[in-house]
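# Understanding the architecture of this molecule
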Amino acid sequence: MKFGLLLIIALAATAQTTKQPRDAALIDDLVTANHVLASEGILDGYGHVSVRDSHNPNHYFLSRSLAPGLVTPADIIEYDLDSNPIDDTRLSYRERFIHGEIYKARPDVMAIVHDHSPAVIPFSVSSVPLRAVSHMGAFIGAGIPVFEIRDVDGMTDMLISNPKRGQALAKTLGGHPAALMRGHGAAVVGETVQVAVGRAVYLDLNAKVQEQAILLGGKVTYFEPEEAVKTAPQDGFVRAWDVWKRKAGAAGVK
């Protein structure tokens with residue numbers, strides 16, 4: 001009887017410590033997201049994209065420190081929300097705290113993109129706010145907040161390389177779909193990896209269109225809040241995702 005009880009306890013302890021098998025489809029989508037963002041010019045050798053673990057919302061997946069276009073399933077590391085790698089000693093992205101702290105603050109977020117899009121950076125360093133001018137950028141709504149790292153840690157290397165800075169960025173993001181990072185880039189979120197990727201692509205496109213409209217010199221007509229609300233719900237970028245995926249594959253991004 002005593003032996004049987006000890007065996008049950010031992011089996012229960014083993015079950016608790018055994019890692020859940022990874023969601024292969026989710027990992028495949030994460031790898032695809034890396035390739036798509038590289039193919040579309042949103043990420044180059046830098047930047048990263050993550051997904052929340054579908055089995056455990058307190059964990060997320062992110063590549064090891066690697067150029068996005070080179071990411072494979074074998075490069076994906078599992079992290080807790082403090083951004084500690086789970087049983088993995090490979091080099092991690094220094095700015096992984098962007099992901100962990102936003103996932104903590106936003107239970108609705110299932111995927112995050114951090115990019116250095118040259119098109120959005122001007123709106124992070126000027127007094128001109130980034131606003132929705134294109135129907136595919138309607139998710140921007142009335143505007144996107146700008147994170148100022150100087151308000152958190154004074155003069156820095158601009159990197160979100162610790163929890164304190166990640167928490168401050170998450171606070172600036174609030175309930176918005178994205179936040180600009182002054183002189184750095186953007187953090188873009190979504191309820192799926194396809195939505196996060198789509199928003200990152202169209203945030204970049206909207207910034208380019210807005211700049212072109214401003215350069216024309218006339219009055220720019222921006223989306224009204226009601227228009228943005230009615231326009232923003234697209235198809236989750238599913239149709240675009242399929243063509244982006246094929247394009248990335250044809251370009252040999254892998």
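Preceding this paragraph is the structure being described.
Attention here is on the structure that accompanies the text. (Residues numbered from 1 in each chain as written. Predicted model: local features only at pLDDT ≥ 70, side-chain atom pairs only at ≥ 80, totals over all residues. Heavy atoms only, no water.)

## What about the overall build of the protein chain?
Within the protein chain, the secondary structure is distributed over nine helices and seven strands. Taking 18 Å as the expected radius of gyration for a compact globule of 254 residues, we find that the protein chain reaches 20 Å, a close match to that expectation. Taken along its principal axes, the extent of the C-alpha atoms in the protein chain is 85 × 45 × 35 Å. Scored against the burial criterion, the 254 residues of the protein chain give a buried share of 48%. When contacts within the protein chain are restricted to residue pairs at least 6 apart in sequence, those whose partners lie at least 24 apart make up 65%. When the accessible surface of the protein chain is summed, it comes to about 12700 Å², and 58% of that surface belongs to carbon and sulfur atoms. (Helix = DSSP H or I, 4+ residues; strand = E, 2+ residues; numbered from the N terminus. Rg over C-alpha atoms; globule rule 2.2 N^0.38 Å. Buried < 20%, exposed > 50% of the residue type's maximum accessible area, 1.4 Å probe, protein only. Contact = heavy atoms within 4.5 Å. Areas by Shrake-Rupley, 256 points an atom, 1.4 Å probe, with all protein chains shown as cover.)

## Focus on unusual backbone geometry
In this structure, Ser83 is a non-glycine residue whose phi angle is positive, near 65°. If you trace the backbone, Ser83 turns up in the loop between strand 3 (76-80) and helix 3 (97-105). With a phi close to 65°, Phe237 is a non-glycine residue in the positive phi region. Its location among the elements puts Phe237 in the loop between helix 8 (225-231) and helix 9 (238-250). Looking at Phe237, the relative accessible area reads 6%, which means it is buried.

## Some thoughts on the packing of aromatic side chains
A full pass over the atoms with the stated rule returns four aromatic pairs. Taking the centre distance of 5.8 Å and the plane angle of 20° together, the rings of Tyr202 and Phe237 count as stacked. Here the residue Tyr202 occupies a position in helix 7 (residues 193-215), and Phe237 occupies one in the loop between helix 8 and helix 9, the gap between them amounting to 35 residues. Across the pair, Phe237 and Tyr202 agree in class, each one buried. An angle of 45° between the planes, with centres 6.0 Å apart, marks the rings of Tyr202 and Trp244 as tilted. Residue Tyr202 is located in helix 7, and its partner Trp244 is located in helix 9; the two are separated by 42 residues in the primary sequence. One exposure class covers both Tyr202 and Trp244, and it is buried. Here the aromatic cluster, defined as three or more aromatic residues joined through ring pairs, consists of Tyr60, Tyr79 and Tyr103. (Phe/Tyr/Trp six-rings, centres within 6.5 Å; stacked < 30°, edge-to-face > 60°.)

## Regarding the sheet that holds strand 3
Taken together, seven strands build an open sheet; the order of strands is 3-2-1-4-7-6-5 and the sheet is mixed. With partners counted over all chains shown, the strands left at the sheet margins are strand 3 and strand 5 (146-147), one partner each. Relative to strand 4 (residues 111-115), strand 1 (residues 48-52) runs antiparallel, the two sharing four bridges. Within strand 4, the position partnered with Val51 by the bridge is Ala111. This element, helix 3, spans strand 1, strand 2 (59-63), strand 4, strand 6 (178-181) and strand 7 (185-190) of the sheet and lies at about 35° to strand 1. Sheet strands in contact with helix 7 are strand 1, strand 4, strand 6 and strand 7, and its direction is about 145° off that of strand 7. (Pairing = 2+ DSSP bridges. Axes fitted to C-alpha atoms, helices over the stretch in contact; angles between N-to-C directions.)

## With respect to the packing of helix 3 against helix 6 (residues 163-173)
Closest axis-to-axis distance for the helix 3/helix 6 pair is 8 Å, and the angle between their directions is 50°. Our classification of the angle between helix 3 and helix 6 gives oblique. Once helix 3 is placed against helix 6, the crossing between them reads as right-handed. Listed contacts from helix 6 to Phe97, Ile98, Glu101, Ile102 and Ala105 of helix 3 are Pro163, Gly166, Gln167, Leu169, Ala170 and Leu173. (Parallel < 35°, antiparallel > 145°, perpendicular 65-115°, else oblique. Left-handed = near helix turned anticlockwise from the far one by under 90°.)

## Section: the pairing of strand 3
The element strand 3 is largely enclosed, with a buried count of five among its five residues. A two-sided burial pattern is seen for strand 3, the buried positions comprising Ile76, Glu78 and Asp80 on one face and Ile77 and Tyr79 on the other. Relative to strand 3, strand 2 is paired through five bridges, and the arrangement is antiparallel. Within strand 3, the residue paired with His59 across the bridge is Asp80.

## Quick look at the nonpolar core
Counting residues in each nonpolar core, the largest one holds 69 residues, and the members touching the most others are Leu37, Ile102, Val197 and Leu203. Broken down by element, the residue count for this core peaks at nine residues, all from helix 7. Residue contacts for Leu203: discarding those within four places in its chain leaves Val120, Leu130, Phe139, Ile140, Ile144, Ala178, Leu180, Ala186 and Val188. (Core = buried A, V, L, I, M, F, W, Y, C linked by side-chain atoms within 4.5 Å.)

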